[in-house]
Each structure stands twice: as structure tokens, then as C-alpha cells.
Amino acid sequence: TLKMQITGRGNFDRVTTNGLPAGTAWKSYKPSARFEPADSSATSGTKTFEQSIVPVKTGPQQIPAVHFSYFDPGTQKYVTKATQPIAVDITAATAAPVAAIATPSASAQNPEPVKSADGLVADQFVPQHATSSLRPLVLRPWFIAVNAFMLAALVVGSLFRWISRRRANDPQRREREAAEQSVNASLAAMDAALKQQDASAFFNAARHALQERLAAQWHVPASGVTLPEIRTRLNGQGEQVRAVFQTADELAYSGKRFTAPDLKHWRDLVKSQLQQLAQS
């Protein structure tokens, strides 16, 4: 460790030094500084610099002189001071430093650096939980990607929830869904009447299915879908629909009977009309 002391009076905050520069004979590190004031104003005292230096080769060596320049207000000139070179004799270690370093145990909470045989500490100590980057967590790509994915999922979920609420609060949509459920129930009643060969129940269910489909399109109650309305609104294009209505009315008084094949034919006709009305 190379220690340099500068004593005097002046602004010690401006007193700095790079110490011994690295070269072919020495490896050097940035010096540390410590100031000891001699008065309460801290304008006089001693500033001490300590610098770690490592020899590169063995044999007789010399620590070069270290220079320091300052401005002398008395002479109004810059003055340069220099230390004296220091002669040293570098000898090789008797044992390799690597062989003397022990692997820290997993239970060690604050492991201390191990000294080699010559009493020197390793140049650099790396703790168990060292990191290769000082970039903050919030700026790391994986952290940004995870948070972007979570934000996108939140936006998509909120949008889906808003659409669901809007659809649930749509009165026309609720009306269409209720009409569709009624149509399906009427079709199920038609199939049940077909199995029992009950023509009257069959045609009543068929008429109700057509009434529900037309009522949803015309935005009127199902009871308002009558033969006169069908003639007016369908402009003569609803002959088969009118036939279903008329047959249902006739069966209420005539008691006409239909065979199973006849009812199947009417069922296919009603389903075909329902599909056409749904597409119109």
C-alpha cells in the first residue's frame, strides 16, 4: 500500500491525485482519500491518500516518484512537489495463492477473504451472490415483458367484461334470446306431438314457433302475429306460413286427422320457414 500525505492550508476538497499510474512494472488501483482537519474551518490539515499497488515481476524494483501540483497564492505561481523513488526487492511467493484459497462453505454468512502464504489478500474478492449487471430490475427485458403481458391481459379482460355487460344490458338482444328459446320450446313440443300423433297440439306448437320468430323480427307481441298481419307484411310471400296458421285454426273445429308421414312433412316445412325467416 502506497501512502501519500499532503499537509498545508487551502481548499482540501480540490486536492486530488491519481497516485501511481499503472505501467509495465506495477499494477495500480484508484487511491482512497481521508482528510484530518487541523482547525474548525477545515482550511488546514492533512489529507492522506492510500493506493494499492501490485508488482508485475520479481527482482529489484523501484516505486517511481509521485507528483503533486498546486497554486501558491504567495508567489502567484504553480508549484509541483514530488516524492522520492522507493527501491524495493520483489521475491516470488513460496506457495501459489490459488492453492491457499479455501472454498467458502454454504453456511458462511459473511466469509472473509483468505490470505495466501505470503500474507497478501487476493486482489479481488467475489461474494457468493455477485451480479454481472447493475441495471435495475424494472429495466431488465424479462421484467418489462412479463409486466407488458400482464397489462395486455388486464386490458383484454376489462374489454371482454365491458362487452359482456353491454350485451347483457341490451334489451333487444334479451328479446331475441327469449324469442329463440320460445321457438326451440315450440319445436320440442312439435316433436312430442308428432310421437303422439296429436295433430292439434302439433299445429298449435308450429303456429307458436312461427309467431315467435315473426314477432322478434317485427318487434311486436307474439299475439299480434295474425293472418292479416302476415298477408300485409310478407306481401304474399308467406303462403306456407299462412297454411300452417289456417290448418291450426281448422283443426280446432274440424277434428281432421293426419298420419305420421304427413306430420313429418309439415315439421320439415315449418323448420324450413323458420330458417328462411331467420335469414331474412
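Structure shown above.
Computed from a prediction, not measured in an experiment: that's the story for all the values here.

What counts, and at which threshold
- Residues numbered from 1 in each chain as written.
- Predicted model: local features only at pLDDT ≥ 70, side-chain atom pairs only at ≥ 80, totals over all residues.
- Heavy atoms only, no water.
- Helix = DSSP H or I, 4+ residues; strand = E, 2+ residues; numbered from the N terminus.
- Buried < 20%, exposed > 50% of the residue type's maximum accessible area, 1.4 Å probe, protein only.
- Areas by Shrake-Rupley, 256 points an atom, 1.4 Å probe, with all protein chains shown as cover.
- Salt bridge = Lys/Arg side-chain N within 4 Å of Asp/Glu carboxyl O.
- Pairing = 2+ DSSP bridges.
- Axes fitted to C-alpha atoms, helices over the stretch in contact; angles between N-to-C directions.
- Core = buried A, V, L, I, M, F, W, Y, C linked by side-chain atoms within 4.5 Å.
- Contact = heavy atoms within 4.5 Å.

## Brief notes about the overall build of the protein
Of the regular secondary structure elements, the protein holds seven helices and nine strands. Classification of the 280 residues of the protein by burial places 25% in the buried group. Just so you have it, the protein exposes about 19900 Å², and 55% of that area is on carbon and sulfur atoms.

## Overview of the pattern of salt bridges
Scanning the entire structure with this criterion turns up nine salt bridges. Note that Glu 50 and Lys 3 form a salt bridge whose closest N and O atoms lie 3.9 Å from each other. Linking Glu 50 in strand E4 (residues 44–51) with Lys 3 in strand E1 (residues 2–9), this pair joins segments that are 47 residues apart in sequence. Here Glu 50 falls in the partly exposed class, since its relative accessible area comes to 28%.

## Details of the pairing of strand E3 (residues 32–37)
Every other side chain in a regular strand lies on the same face of the sheet, so the side chains alternate between the two faces. Two strands pair when backbone bridges link them, and E3 and E4 are joined in this way by six bridges, in the antiparallel orientation. Looking at E4, one finds that Pro 37 is bridged to Gly 45. A loop of six residues connects E3 with E4, the two strands running antiparallel in sequence, and Ala 42 in this loop sits at a positive phi of about 60°.

## Re the sheet that holds E1
Ordered in space as E1-E4-E3, the three strands form an open sheet in which the pairing is antiparallel. Single-partner strands in this sheet number two, and they are E1 and E3. Direction aside, the axes of adjacent strands within the sheet are offset by 20° on average. Of the strand pairs in this sheet, E1 and E4 are connected by eight bridges, and their pairing is antiparallel. Pairing of Thr 7 across the sheet is with Thr 46, part of E4.

## A look at the nonpolar core
Residues Phe 202, Phe 203, Ile 230 and Val 244 are the most contacted members of the largest nonpolar core, which totals 32 residues. Of all the elements in the fold, those that place two or more residues in this core are helix H3 (171–196), helix H4 (199–218), helix H5 (227–234), helix H6 (239–254) and helix H7 (260–279). For this core, the leading source of residues is H4, giving ten residues. Those residues within four positions of Val 244 in sequence are excluded, and the remaining contacts are Phe 203, Ala 206, Arg 207, Leu 210, Trp 266, Leu 269 and Val 270.

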